[in-house]
Amino acid sequence: MNRSATVQGRRMERRPRSAGNVVVGFLGELFITLGIILMLYVAWELWWTNIDSAQAQQQATQGLVQELGDVVIPDSEDPADDEKDYGPAPVTEIAPGGDLRDHVLPAFWRPWIASPRDRRR
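These numbers come from a predicted model, not from an experiment.

Caption draft 1: Expanded view of the overall build of the chain. When helices and strands are counted, the chain shows four helices and zero strands. N-terminal to C-terminal, the α/β element order of the chain is α-α-α-α. Counting the 121 residues in the chain, one finds 2% classified as buried. Entry remark: accessible area of the chain is about 12,200 Å², with carbon and sulfur atoms responsible for 59%.

Spelled out as structure tokens, the structure:
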């Protein structure tokens, strides 16, 4: 019903709210409030964690500087340092019929993982 159809000066009557509508409205407001409080808590945790970790990092840096003493870091502006030859890169040769996994996996994995060579036996 629109306003022009109502009598001038009278308000339209509302239906009384049922108990279900009241409960759903209350729960909705409660969840919105809890969501806002949780978002503020997460923001505070992130902010405080950042401050706490910055302090811990500062302490660790100070401890390292005290432990190392007077360390002089040379300026490597010399292009000869950049072109220094360290020799050929170490390369592991895989024997014919060998398995790459034997060279990549650490030794403690071998009891659980069998290579194709072990399966052929």
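Having seen the structure, we can now continue with the description.
Caption draft 2: Just the packing of aromatic side chains, in detail. According to the stated counting rule, one finds two aromatic pairs in the structure shown. Note on Tyr41 and Trp44: the rings are 6.2 Å apart at their centroids and 35° apart in plane angle, and the pair reads as tilted. With Tyr41 and Trp44 both in helix H1 (residues 19-68) and three residues apart, the pair spans about one turn of that helix. Residue Tyr41 is classed as partly exposed on the basis of its relative accessible area of 46%.

Caption draft 3: Expanded view of H1. Between its first and last C-alpha, H1 extends 72 Å over 50 residues, near the 74 Å set by a 1.5 Å rise per residue. Of the residues trailing H1, Gly69 is marked for its positive phi of about 75°.

Conventions and cut-offs
Residues numbered from 1 in each chain as written. Predicted model: local features only at pLDDT ≥ 70, side-chain atom pairs only at ≥ 80, totals over all residues. Heavy atoms only, no water. Helix = DSSP H or I, 4+ residues; strand = E, 2+ residues; numbered from the N terminus. Buried < 20%, exposed > 50% of the residue type's maximum accessible area, 1.4 Å probe, protein only. Areas by Shrake-Rupley, 256 points an atom, 1.4 Å probe, with all protein chains shown as cover. Phe/Tyr/Trp six-rings, centres within 6.5 Å; stacked < 30°, edge-to-face > 60°. Expected span 1.5 Å × (residues − 1).

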